[in-house]
Amino acid sequence: MTDQTSPRTWMITGTSSGFGLALAKAALSVGDRVIATARHPEALDELVRQAPDRVAAVRLDVTSPTDITAAVAAGLERFGSIDVLVNNAGYGSVGAVEEIAVPELEQLHATMFLGPVRLTQAVLPHMRARRAGVIVQMSSMGGQLAPPGFGAYCSAKFALEAMSESLAAEVGPLGIRVLIVEPGAFRTEFGADRMHRSRTIIDDYADTAGPTRAAVDQMDGSQPGDPDRAATAILGVIDADDPPLRLALGDDAVDAIRSKHDQLRADLDGWERVSRSTTLVRS
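Thresholds applied
Residues numbered from 1 in each chain as written. Predicted model: local features only at pLDDT ≥ 70, side-chain atom pairs only at ≥ 80, totals over all residues. Heavy atoms only, no water. Helix = DSSP H or I, 4+ residues; strand = E, 2+ residues; numbered from the N terminus. Expected span 1.5 Å × (residues − 1). Buried < 20%, exposed > 50% of the residue type's maximum accessible area, 1.4 Å probe, protein only. Arc of directions from axis to C-beta. Contact = heavy atoms within 4.5 Å. Pairing = 2+ DSSP bridges. Polar contact = N/O pair within 3.5 Å; in protein donor to acceptor, adjacent residues only side chain to side chain. Core = buried A, V, L, I, M, F, W, Y, C linked by side-chain atoms within 4.5 Å.

**As for helix H8 (residues 251–270)**
With 20 residues, H8 extends 28 Å from end C-alpha to end C-alpha; this agrees with the ideal 28 Å at 1.5 Å per step. Among all positions in H8, only Ala253, Ile257 and Lys260 are buried. Looking straight down H8, one finds that the buried residues subtend no more than 60 degrees of arc, so they occupy a single side. Those residues of H8 that are exposed and aimed more than 90 degrees away from the buried face are Asp251, Asp255, Arg258, Arg265 and Gly270. The secondary structure elements touched by the buried residues of H8 are helix H5 (151–171), strand S7 (176–183) and strand S9 (246–249).

**Quick look at the pairing of S9**
Looking along a regular strand, one sees the side chains alternate between the two faces of the sheet. Burial along S9 is one-sided: the residues Leu247 and Leu249 are buried and none of Arg246 and Ala248 is. As defined by bridge partners, S7 adjoins S9 across four bridges and the pair is classed as parallel. In the strand pairing of S9, Val181 is matched with Leu247.

**Focus: the side chain of Arg213**
Relative to the helices and strands, Arg213 resides in helix H6 (residues 209–218). In this structure the side chain of Arg213 is engaged in a polar contact, spanning 3.2 Å, whose partner is the side chain of Ser198. Residue contacts for Arg213: discarding those within four places in its chain leaves Val94, Gly95, Glu99, Arg197, Ser198, Thr200 and Ile201.

**Concerning the environment of Leu119**
Mapped onto the elements, Leu119 comes out in helix H4 (residues 102–130). In this structure, the C-alpha to C-alpha distance between Leu119 and Asp267, residues 148 residues apart in sequence, is 37 Å. Apart from the residues lying within four places of it in its own chain, the contact partners of Leu119 are Met11, Thr13, Leu60, Ile68, Val72, Leu85 and Asn87.

**So, the nonpolar core**
Judged by nonpolar contacts, the single largest core of 32 residues is most densely connected at Trp10, Leu23 and Ile234. Mapped by element, the contributors of at least two residues to this core are strand S1 (9–12), helix H1 (18–29), strand S2 (33–38), strand S4 (84–87), strand S6 (133–138), S7, helix H7 (227–238) and S9. Setting aside residues up to four positions removed in sequence, Ile234 forms contacts with Leu23, Met138, Leu179, Val181, Leu247 and Leu249. In terms of nonpolar packing, the next biggest core, distinct from the first, is built from 23 residues, Met11, Ala56, Ala71 and Ala89 among them.

Below is the structure:
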(Lines give C-alpha, C1' and ligand atoms only; values in the text may rest on other atoms or scores of the structure.)
Protein backbone atom coordinates (compact mmCIF):
# COMPACT_ATOMS: atom_id res chain seq x y z
CA MET A 1 0.00 0.00 0.00
CA THR A 2 1.08 3.59 -0.37
CA ASP A 3 2.81 5.58 2.38
CA GLN A 4 0.22 5.93 5.15
CA THR A 5 1.63 9.32 6.22
CA SER A 6 0.03 10.75 3.08
CA PRO A 7 -3.74 10.86 2.44
CA ARG A 8 -4.98 8.25 0.01
CA THR A 9 -7.39 9.06 -2.79
CA TRP A 10 -10.34 6.70 -3.19
CA MET A 11 -12.50 6.47 -6.30
CA ILE A 12 -15.80 4.86 -5.36
CA THR A 13 -18.69 4.04 -7.68
CA GLY A 14 -22.27 4.10 -6.45
CA THR A 15 -21.40 6.49 -3.61
CA SER A 16 -24.87 7.93 -3.00
CA SER A 17 -25.98 5.14 -0.64
CA GLY A 18 -25.19 1.74 0.81
CA PHE A 19 -21.65 0.39 0.85
CA GLY A 20 -20.39 3.19 -1.39
CA LEU A 21 -21.53 5.91 1.00
CA ALA A 22 -20.31 3.99 4.06
CA LEU A 23 -16.87 3.52 2.49
CA ALA A 24 -16.66 7.18 1.52
CA LYS A 25 -17.44 8.27 5.07
CA ALA A 26 -14.96 5.78 6.51
CA ALA A 27 -12.22 7.02 4.16
CA LEU A 28 -12.92 10.63 5.08
CA SER A 29 -12.84 9.77 8.79
CA VAL A 30 -9.19 8.72 8.51
CA GLY A 31 -8.20 11.83 6.55
CA ASP A 32 -8.33 10.37 3.06
CA ARG A 33 -9.81 11.96 -0.07
CA VAL A 34 -12.72 10.63 -2.10
CA ILE A 35 -13.69 10.84 -5.75
CA ALA A 36 -17.38 10.12 -5.15
CA THR A 37 -19.33 9.06 -8.21
CA ALA A 38 -23.01 8.68 -9.02
CA ARG A 39 -25.26 8.94 -12.04
CA HIS A 40 -26.77 12.01 -10.39
CA PRO A 41 -23.95 13.92 -8.63
CA GLU A 42 -26.43 16.15 -6.78
CA ALA A 43 -27.18 13.11 -4.62
CA LEU A 44 -23.66 13.56 -3.22
CA ASP A 45 -24.16 17.14 -2.01
CA GLU A 46 -24.37 16.19 1.67
CA LEU A 47 -21.17 14.14 1.42
CA VAL A 48 -19.38 17.04 -0.25
CA ARG A 49 -20.49 19.38 2.54
CA GLN A 50 -18.82 17.12 5.11
CA ALA A 51 -15.37 17.71 3.61
CA PRO A 52 -15.49 20.00 0.55
CA ASP A 53 -11.71 20.09 0.25
CA ARG A 54 -11.46 16.29 0.24
CA VAL A 55 -14.49 15.19 -1.80
CA ALA A 56 -14.93 15.50 -5.55
CA ALA A 57 -18.45 14.67 -6.76
CA VAL A 58 -18.30 13.28 -10.28
CA ARG A 59 -21.01 12.08 -12.63
CA LEU A 60 -20.55 8.44 -13.63
CA ASP A 61 -22.79 5.91 -15.31
CA VAL A 62 -20.61 2.80 -15.22
CA THR A 63 -22.25 1.46 -18.38
CA SER A 64 -20.90 4.46 -20.36
CA PRO A 65 -17.27 4.20 -21.55
CA THR A 66 -17.31 7.96 -22.18
CA ASP A 67 -18.39 8.63 -18.59
CA ILE A 68 -15.67 6.32 -17.27
CA THR A 69 -12.91 8.10 -19.18
CA ALA A 70 -14.19 11.51 -18.09
CA ALA A 71 -14.63 10.51 -14.44
CA VAL A 72 -11.11 9.09 -14.11
CA ALA A 73 -9.66 12.20 -15.77
CA ALA A 74 -11.67 14.50 -13.48
CA GLY A 75 -10.53 12.61 -10.40
CA LEU A 76 -6.88 12.72 -11.39
CA GLU A 77 -7.13 16.40 -12.24
CA ARG A 78 -8.61 17.17 -8.82
CA PHE A 79 -6.37 15.05 -6.57
CA GLY A 80 -3.49 13.87 -8.75
CA SER A 81 -3.77 10.17 -7.92
CA ILE A 82 -6.12 7.24 -7.42
CA ASP A 83 -4.83 4.94 -4.71
CA VAL A 84 -7.95 2.83 -4.10
CA LEU A 85 -10.58 2.01 -6.72
CA VAL A 86 -13.85 0.59 -5.37
CA ASN A 87 -16.15 -0.95 -7.97
CA ASN A 88 -19.38 -0.87 -6.01
CA ALA A 89 -22.21 0.36 -8.26
CA GLY A 90 -24.89 -2.20 -8.93
CA TYR A 91 -28.36 -3.50 -8.21
CA GLY A 92 -30.07 -6.78 -7.47
CA SER A 93 -32.19 -9.00 -9.66
CA VAL A 94 -34.64 -11.75 -8.81
CA GLY A 95 -36.35 -14.19 -11.13
CA ALA A 96 -35.92 -17.73 -12.40
CA VAL A 97 -33.50 -18.14 -15.29
CA GLU A 98 -36.36 -18.78 -17.73
CA GLU A 99 -38.16 -15.68 -16.48
CA ILE A 100 -35.30 -13.21 -17.02
CA ALA A 101 -35.45 -11.31 -20.31
CA VAL A 102 -32.10 -11.39 -22.12
CA PRO A 103 -31.92 -7.57 -22.58
CA GLU A 104 -32.35 -7.23 -18.80
CA LEU A 105 -29.56 -9.76 -18.25
CA GLU A 106 -27.34 -7.82 -20.65
CA GLN A 107 -28.00 -4.58 -18.73
CA LEU A 108 -27.20 -6.31 -15.44
CA HIS A 109 -23.85 -7.51 -16.78
CA ALA A 110 -23.13 -4.11 -18.32
CA THR A 111 -23.50 -2.56 -14.88
CA MET A 112 -21.94 -5.13 -12.54
CA PHE A 113 -19.38 -6.87 -14.74
CA LEU A 114 -18.42 -4.87 -17.81
CA GLY A 115 -18.60 -1.58 -15.90
CA PRO A 116 -16.06 -2.67 -13.26
CA VAL A 117 -13.84 -4.19 -15.94
CA ARG A 118 -13.81 -0.97 -17.98
CA LEU A 119 -13.18 1.18 -14.92
CA THR A 120 -10.38 -1.11 -13.75
CA GLN A 121 -8.80 -0.90 -17.20
CA ALA A 122 -9.07 2.90 -17.11
CA VAL A 123 -7.34 3.20 -13.71
CA LEU A 124 -4.69 0.49 -14.12
CA PRO A 125 -2.26 2.50 -16.32
CA HIS A 126 -2.06 5.11 -13.55
CA MET A 127 -1.54 2.46 -10.85
CA ARG A 128 1.03 0.58 -12.94
CA ALA A 129 3.04 3.76 -13.48
CA ARG A 130 3.17 4.28 -9.72
CA ARG A 131 3.61 0.57 -8.90
CA ALA A 132 0.97 0.94 -6.19
CA GLY A 133 -2.77 0.76 -5.67
CA VAL A 134 -5.68 -1.32 -4.45
CA ILE A 135 -8.71 -2.43 -6.47
CA VAL A 136 -11.71 -3.38 -4.33
CA GLN A 137 -14.37 -5.39 -6.15
CA MET A 138 -17.68 -5.36 -4.29
CA SER A 139 -19.00 -8.80 -5.08
CA SER A 140 -21.39 -10.77 -2.86
CA MET A 141 -21.70 -14.16 -1.27
CA GLY A 142 -23.61 -14.59 -4.53
CA GLY A 143 -20.23 -14.50 -6.25
CA GLN A 144 -19.64 -17.99 -4.85
CA LEU A 145 -23.11 -19.54 -4.79
CA ALA A 146 -26.32 -19.07 -6.74
CA PRO A 147 -29.65 -19.80 -5.02
CA PRO A 148 -32.80 -20.27 -7.12
CA GLY A 149 -34.12 -16.95 -8.33
CA PHE A 150 -30.73 -15.24 -8.22
CA GLY A 151 -29.17 -16.75 -11.35
CA ALA A 152 -28.94 -13.45 -13.24
CA TYR A 153 -27.46 -11.46 -10.35
CA CYS A 154 -25.03 -14.18 -9.31
CA SER A 155 -23.87 -14.73 -12.90
CA ALA A 156 -22.55 -11.15 -12.96
CA LYS A 157 -20.84 -11.60 -9.59
CA PHE A 158 -19.34 -14.98 -10.61
CA ALA A 159 -17.92 -13.32 -13.73
CA LEU A 160 -16.51 -10.41 -11.71
CA GLU A 161 -14.82 -12.78 -9.29
CA ALA A 162 -13.27 -14.85 -12.09
CA MET A 163 -11.88 -11.76 -13.79
CA SER A 164 -10.64 -10.37 -10.47
CA GLU A 165 -8.88 -13.60 -9.49
CA SER A 166 -6.92 -13.52 -12.73
CA LEU A 167 -6.33 -9.79 -12.35
CA ALA A 168 -4.87 -10.27 -8.88
CA ALA A 169 -2.26 -12.69 -10.20
CA GLU A 170 -1.36 -10.31 -13.04
CA VAL A 171 -1.00 -7.08 -11.09
CA GLY A 172 0.36 -8.45 -7.81
CA PRO A 173 3.98 -8.43 -9.05
CA LEU A 174 3.44 -4.77 -10.04
CA GLY A 175 2.62 -3.68 -6.48
CA ILE A 176 -1.15 -3.56 -7.01
CA ARG A 177 -3.55 -5.46 -4.75
CA VAL A 178 -7.02 -6.82 -5.49
CA LEU A 179 -9.63 -7.44 -2.81
CA ILE A 180 -12.90 -9.24 -3.60
CA VAL A 181 -15.52 -8.41 -0.96
CA GLU A 182 -18.38 -10.88 -0.49
CA PRO A 183 -21.11 -9.44 1.74
CA GLY A 184 -24.19 -11.27 2.86
CA ALA A 185 -27.43 -9.40 3.54
CA PHE A 186 -26.75 -5.81 4.66
CA ARG A 187 -29.05 -2.85 5.25
CA THR A 188 -28.23 -1.02 2.04
CA GLU A 189 -31.72 -0.50 0.51
CA PHE A 190 -30.78 -3.42 -1.74
CA GLY A 191 -34.26 -4.92 -1.71
CA ALA A 192 -36.09 -1.69 -2.38
CA ASP A 193 -35.37 0.50 -5.41
CA ARG A 194 -32.16 -1.37 -6.24
CA MET A 195 -33.82 -4.71 -6.99
CA HIS A 196 -34.92 -5.63 -10.49
CA ARG A 197 -37.73 -8.18 -10.62
CA SER A 198 -38.49 -10.28 -13.68
CA ARG A 199 -41.67 -9.15 -15.37
CA THR A 200 -42.52 -12.73 -16.27
CA ILE A 201 -43.56 -15.10 -13.48
CA ILE A 202 -43.99 -18.79 -14.32
CA ASP A 203 -46.09 -20.88 -11.92
CA ASP A 204 -43.82 -23.92 -12.23
CA TYR A 205 -41.10 -22.00 -10.33
CA ALA A 206 -43.36 -21.04 -7.41
CA ASP A 207 -41.58 -23.49 -5.06
CA THR A 208 -38.02 -22.61 -6.11
CA ALA A 209 -37.61 -19.02 -7.26
CA GLY A 210 -40.90 -18.08 -5.57
CA PRO A 211 -39.62 -18.07 -1.96
CA THR A 212 -36.61 -16.01 -3.03
CA ARG A 213 -38.89 -13.43 -4.65
CA ALA A 214 -41.01 -13.27 -1.49
CA ALA A 215 -37.96 -12.92 0.76
CA VAL A 216 -36.65 -10.05 -1.35
CA ASP A 217 -39.96 -8.23 -1.05
CA GLN A 218 -39.73 -8.36 2.76
CA MET A 219 -36.00 -7.97 3.39
CA ASP A 220 -35.49 -4.21 3.67
CA GLY A 221 -34.77 -3.14 7.22
CA SER A 222 -34.37 -6.70 8.50
CA GLN A 223 -30.93 -7.54 7.09
CA PRO A 224 -28.39 -8.37 9.82
CA GLY A 225 -25.40 -6.61 8.23
CA ASP A 226 -24.26 -3.08 9.16
CA PRO A 227 -22.71 -1.18 6.20
CA ASP A 228 -20.64 1.04 8.52
CA ARG A 229 -19.07 -1.99 10.18
CA ALA A 230 -18.44 -3.46 6.75
CA ALA A 231 -16.63 -0.29 5.69
CA THR A 232 -14.46 -0.39 8.82
CA ALA A 233 -13.60 -4.03 8.11
CA ILE A 234 -12.64 -3.27 4.51
CA LEU A 235 -10.36 -0.41 5.55
CA GLY A 236 -8.67 -2.69 8.06
CA VAL A 237 -8.07 -5.42 5.49
CA ILE A 238 -6.69 -2.96 2.94
CA ASP A 239 -4.11 -1.84 5.48
CA ALA A 240 -3.21 -5.40 6.55
CA ASP A 241 0.30 -6.67 5.84
CA ASP A 242 -0.98 -9.93 4.32
CA PRO A 243 -4.55 -9.29 3.10
CA PRO A 244 -6.73 -12.07 1.62
CA LEU A 245 -7.92 -12.14 -1.95
CA ARG A 246 -11.51 -12.67 -0.76
CA LEU A 247 -13.25 -11.22 2.29
CA ALA A 248 -16.65 -12.57 3.31
CA LEU A 249 -18.73 -10.16 5.41
CA GLY A 250 -21.51 -11.27 7.75
CA ASP A 251 -22.43 -14.50 9.51
CA ASP A 252 -24.71 -15.48 6.64
CA ALA A 253 -21.93 -15.04 4.07
CA VAL A 254 -19.42 -17.07 6.07
CA ASP A 255 -21.89 -19.90 6.68
CA ALA A 256 -23.26 -20.01 3.12
CA ILE A 257 -19.85 -19.89 1.44
CA ARG A 258 -18.47 -22.56 3.77
CA SER A 259 -21.47 -24.78 3.02
CA LYS A 260 -20.90 -24.30 -0.73
CA HIS A 261 -17.23 -25.25 -0.37
CA ASP A 262 -18.21 -28.36 1.59
CA GLN A 263 -20.62 -29.32 -1.21
CA LEU A 264 -17.91 -28.83 -3.84
CA ARG A 265 -15.46 -30.96 -1.87
CA ALA A 266 -18.07 -33.71 -1.39
CA ASP A 267 -18.80 -33.83 -5.13
CA LEU A 268 -15.11 -33.83 -5.99
CA ASP A 269 -14.29 -36.59 -3.53
CA GLY A 270 -17.41 -38.66 -4.26
CA TRP A 271 -16.87 -38.70 -8.01
CA GLU A 272 -13.09 -38.62 -8.09
CA ARG A 273 -12.80 -42.14 -9.55
CA VAL A 274 -15.04 -41.24 -12.48
CA SER A 275 -13.25 -37.93 -12.98
CA ARG A 276 -9.83 -39.56 -13.10
CA SER A 277 -11.02 -42.36 -15.36
CA THR A 278 -11.03 -39.94 -18.32
CA THR A 279 -7.26 -39.42 -18.27
CA LEU A 280 -5.27 -41.21 -21.00
CA VAL A 281 -3.16 -44.03 -19.66
CA ARG A 282 0.42 -43.71 -20.87
CA SER A 283 2.44 -46.89 -21.33
